[in-house]
Amino acid sequence: MANVPFYQEVCDFVVKLNDALNKRGLGYGIAAEHAHSCCVLLASDRFKVDGKYHTHIDYEKFFDLLEEKGPDGDFTPEDYMGAATPEWATWGNGGFDPRDQRVDRKGRPIERP
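Reading the values: rules and limits
- Residues numbered from 1 in each chain as written.
- Predicted model: local features only at pLDDT ≥ 70, side-chain atom pairs only at ≥ 80, totals over all residues.
- Heavy atoms only, no water.
- Helix = DSSP H or I, 4+ residues; strand = E, 2+ residues; numbered from the N terminus.
- Contact = heavy atoms within 4.5 Å.
- Core = buried A, V, L, I, M, F, W, Y, C linked by side-chain atoms within 4.5 Å.
- Buried < 20%, exposed > 50% of the residue type's maximum accessible area, 1.4 Å probe, protein only.
- Patch = residues over 30% accessible without salt bridge, like charges linked within 9 Å, V, L, I, M, F, W, Y side chains within 5 Å.
- Areas by Shrake-Rupley, 256 points an atom, 1.4 Å probe, with all protein chains shown as cover.
- Salt bridge = Lys/Arg side-chain N within 4 Å of Asp/Glu carboxyl O.

Our focus in this paragraph is the environment of Pro-77. Tracing the chain through its elements places Pro-77 in the segment after α2 (59–69). In sequence terms Pro-77 and Val-10 are 67 residues apart; their C-alpha atoms lie 27 Å from each other. Contacts of Pro-77, omitting those with residues within four sequence positions, involve Arg-46 and Phe-47.

Right, dumping it as structure tokens:
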């Protein structure tokens, strides 16, 4: 664990990386986060529809396209893009599913603010 960054360090790095990508005109944004996993997801703006990132994959649609068009077929990731990222998973919201019960290291429930 000595080489694992703290979540805030990951966030700081991703913000700087996102800024650098956009300064180069590469069109990315911070799409989602999951603080408990120490993960932040950058996504191409091509997955942003009506101001919301769609970070889910519609696997059923993907396999239908794969079967229909083959592995070298004429389809793109946008063709099997799933639903919009849930609000609780978007950047700035922590990424904790409100249906889940958070617990501390000893398994005791953590009260929500």
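Take the nonpolar core next. Of all hydrophobic cores here, the largest spans six residues; its members are Tyr-7, Val-10, Cys-11, Val-14, Ile-30 and Val-40. It is helix α1 (residues 7–23) that contributes the most residues to this core, four residues altogether. In this structure Val-40 touches Tyr-7, Val-10, Cys-11, Val-14, Ile-30, Ala-32, Glu-33 and Trp-91, once residues within four positions along its chain are discounted.

Right, let's get into a nonpolar patch on the surface. Residues Ile-57, Tyr-59 and Phe-63 make up a contiguous nonpolar surface patch of roughly 330 Å² in combined accessible area. In this structure, Tyr-59 sits in helix α2. With a relative accessible area of 52%, Tyr-59 lands in the exposed category.

Applying the stated criterion across every chain, the model contains four salt bridges. Residues Glu-87 and Lys-52 are paired through a salt bridge, measuring 3.8 Å at the closest nitrogen-oxygen approach. Within this pair, whereas Glu-87 is found in the segment after α2, its partner Lys-52 is found in strand β4 (residues 52–53), the two being separated by 35 residues in sequence. Overall, Lys-52 belongs to the partly exposed group, its relative accessible area being 39%. Of the charged contacts in the structure, one is a salt bridge between Arg-108 and Asp-104, with a shortest N-O distance of 2.7 Å.

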